[in-house]
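# What the coordinates show
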Amino acid sequence: MPKYYEDKEEDGRACGGVREDLRQCLLESPCVLQEKKSPKQCLREGHCRSLQMTFFACKRSMVSVCSVF
């Protein structure tokens, strides 16, 4: 369950709460704990996919096509 709404220290970065949840999900996944793979490898294999998509959607929403012009 996402924990970004709970009391956490503000890191000041965009989408910081979702970033922290994604990091925590990867560190607690069986891929990292049991298979001893790096979080980067587990992310590439598709672990924590829903949080990854939420994080990328949050980052993508920071860029507006209208502001480019």
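Here the structure is shown first, and the text comes after it.
Since we're looking at a predicted model, the values are computed, not measured.

## With respect to the overall build of the protein chain
- Scanning the protein chain from N- to C-terminus turns up five helices and zero strands.
- Walking the protein chain from its N terminus toward its C terminus, one meets helices and strands in the order α-α-α-α-α.
- Among the 69 residues that make up the protein chain, the fraction classed as buried is 20%.
- Partitioning the intrachain contacts of the protein chain with sequence separation of at least 6 by distance along the chain shows that 36% fall at a separation of at least 24.
- As presented, the protein chain carries roughly 5500 Å² of accessible surface, and 56% of it is formed by carbon and sulfur atoms.

## Examining the side chain of Gln-52
- For Gln-52, the position within the fold is in helix H4 (residues 49-61).
- Once residues lying within four places of it in the same chain are set aside, the contact partners of Gln-52 are Leu-22 and Leu-43.

## A look at the state of the cysteines
- Tallying each qualifying case throughout the model produces three disulfides.
- The disulfide that involves Cys-25 links it to Cys-48, with 2.0 Å between the sulfurs. Torsion about the S-S bond of the Cys-25 and Cys-48 cystine: about -95°, corresponding to left-handed handedness. Remark: Cys-48 occurs in the loop between helix H3 (39-44) and H4 and Cys-25 occurs in helix H1 (residues 16-27); sequence separation between them is 23 residues.
- With a relative accessible area of 26%, Cys-25 lands in the partly exposed category.
- Cys-48 gets classed as buried once you look at its relative accessible area, which sits at 15%.
- In this model Cys-31 forms its disulfide with Cys-42; the gap between the sulfur atoms is 2.0 Å. Residues Cys-31 and Cys-42 are joined by a disulfide whose S-S torsion is about -90°; by sign, that bridge is left-handed. In this pair, Cys-31 sits in helix H2 (residues 30-33) while Cys-42 sits in helix H3, placing the two residues eleven residues apart along the sequence.

Criteria and cut-off values
- All residue numbers refer to positions counted from 1 along the written sequence of the respective chain.
- For a predicted model such as this one, the threshold for reporting local features is a pLDDT of at least 70, and the threshold for listing and counting side-chain atom pairs is 80 or more; totals across whole chains, interfaces and linings nevertheless cover every residue.
- Think of the side-chain values as coming from all heavy atoms in the structure, minus any hydrogens and water.
- A helix here means a DSSP run of H or I that spans at least four residues, while a strand means a run of E at least two residues long, and both kinds are numbered starting from the N terminus.
- Remark: exposure states derive from per-residue accessible area (1.4 Å probe, protein chains only) relative to the maximum for the residue type, with buried under 20%, exposed over 50%, and partly exposed in between.
- What makes two residues a contact is simply this: any of their non-hydrogen atoms within 4.5 Å.
- Calculation of accessible area relied on Shrake-Rupley with a 1.4 Å probe; when residues are assessed, cover is drawn exclusively from the protein chains displayed.
- Disulfides are defined as pairs of cysteine sulfur atoms found within 2.5 Å of each other.

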